[in-house]
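# Working through the structure, step by step
The chain contents come next:
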Amino acid sequence: QVQLVESGGGLVQAGGSLSLSCASSAGSFSMYAMGWSRQAPGKEREFVAAISRTGSNTKYADSVTGRFTISRDNAKNTAYLQMHDLKPEDTAVYYCAARFQFAAAATMTAGHEYNYWGQGTQVTVSS
């Protein structure tokens, strides 16, 4: 069982920045593709960003492209989501997710493709 723990959420003004972290208990973290999703109140969970297990490939939702950056440090068993130019519509609970993956460049954009999920961290952007 892989445990994922998100951190770094908080309250920020519009135009500000936050950096989220996702620490994994996986003994072979480099074998897991990682992703971030978010869920705003009253809305369905939506894909935000994904990164392949080697970090060679990334994908982003159109709504965050150019503002968010996903990355990972396999030596630290941690994935990151750097968020800049935040907008009130970015307010949501942010979840990281993992999937064991042999293909080095594979990324997952659908929630059902992930095997493990964290508990989430709240991000609130005030206008």
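Above this text is the structure in question.
My aim in this report is to walk through the structure given alongside it, one point at a time. The shown structure was predicted, so the numbers you read here are calculated from the model rather than taken from an experiment. (Residues numbered from 1 in each chain as written. Predicted model: local features only at pLDDT ≥ 70, side-chain atom pairs only at ≥ 80, totals over all residues. Heavy atoms only, no water.)

### Structural notes on the pattern of salt bridges
Considering all chains together, one arrives at 3 salt bridges under this definition. R38 is the salt-bridge partner of D90, the closest N and O atoms lying 2.9 Å from each other. Of this pair, D90 sits in the loop between β8 (78-83) and β9 (92-100) while R38 sits in strand β4 (residues 32-39); the two residues are 52 residues apart in sequence, bridging distant segments of the chain. Between D90 and R67 there is a salt bridge, with its nearest N and O atoms 2.8 Å apart. A residue pair is termed long-range when its members are at least 10 positions apart, and D90 in the loop between β8 and β9 and R67 in the loop between β6 (58-60) and β7 (68-73) qualify at 23 residues. Across the pair, exposure class does not vary: D90 and R67 are buried alike. (Salt bridge = Lys/Arg side-chain N within 4 Å of Asp/Glu carboxyl O. Helix = DSSP H or I, 4+ residues; strand = E, 2+ residues; numbered from the N terminus. Buried < 20%, exposed > 50% of the residue type's maximum accessible area, 1.4 Å probe, protein only.)

### A look at the state of the cysteines
Enumeration according to the criterion identifies 1 disulfide in this entry. Across the disulfide from C22 sits C96; the S-S distance is 2.0 Å. Across the S-S bond linking C22 and C96, the dihedral sits near 55°, which makes this disulfide right-handed. On the criterion of sequence distance, the pair formed by C22 in strand β3 (residues 18-24) and C96 in strand β9 is long-range, its members being 74 residues apart. (Disulfide = S-S within 2.5 Å.)

### Concerning the packing of aromatic side chains
All chains considered together, the criterion is met by 4 aromatic pairs. Cluster of aromatic residues (ring-pair linked, three or more members): Y32, F100, F102 and Y116. The ring of Y95 carries the charged tip of R45 above its face, separated from the ring centre by 3.9 Å. Above the face of the F29 ring, R72 is positioned so that its terminal group lies 4.5 Å from the ring centre. (Phe/Tyr/Trp six-rings, centres within 6.5 Å; stacked < 30°, edge-to-face > 60°. Lys NZ or Arg CZ within 6 Å of the ring centre and 35° of its normal.)

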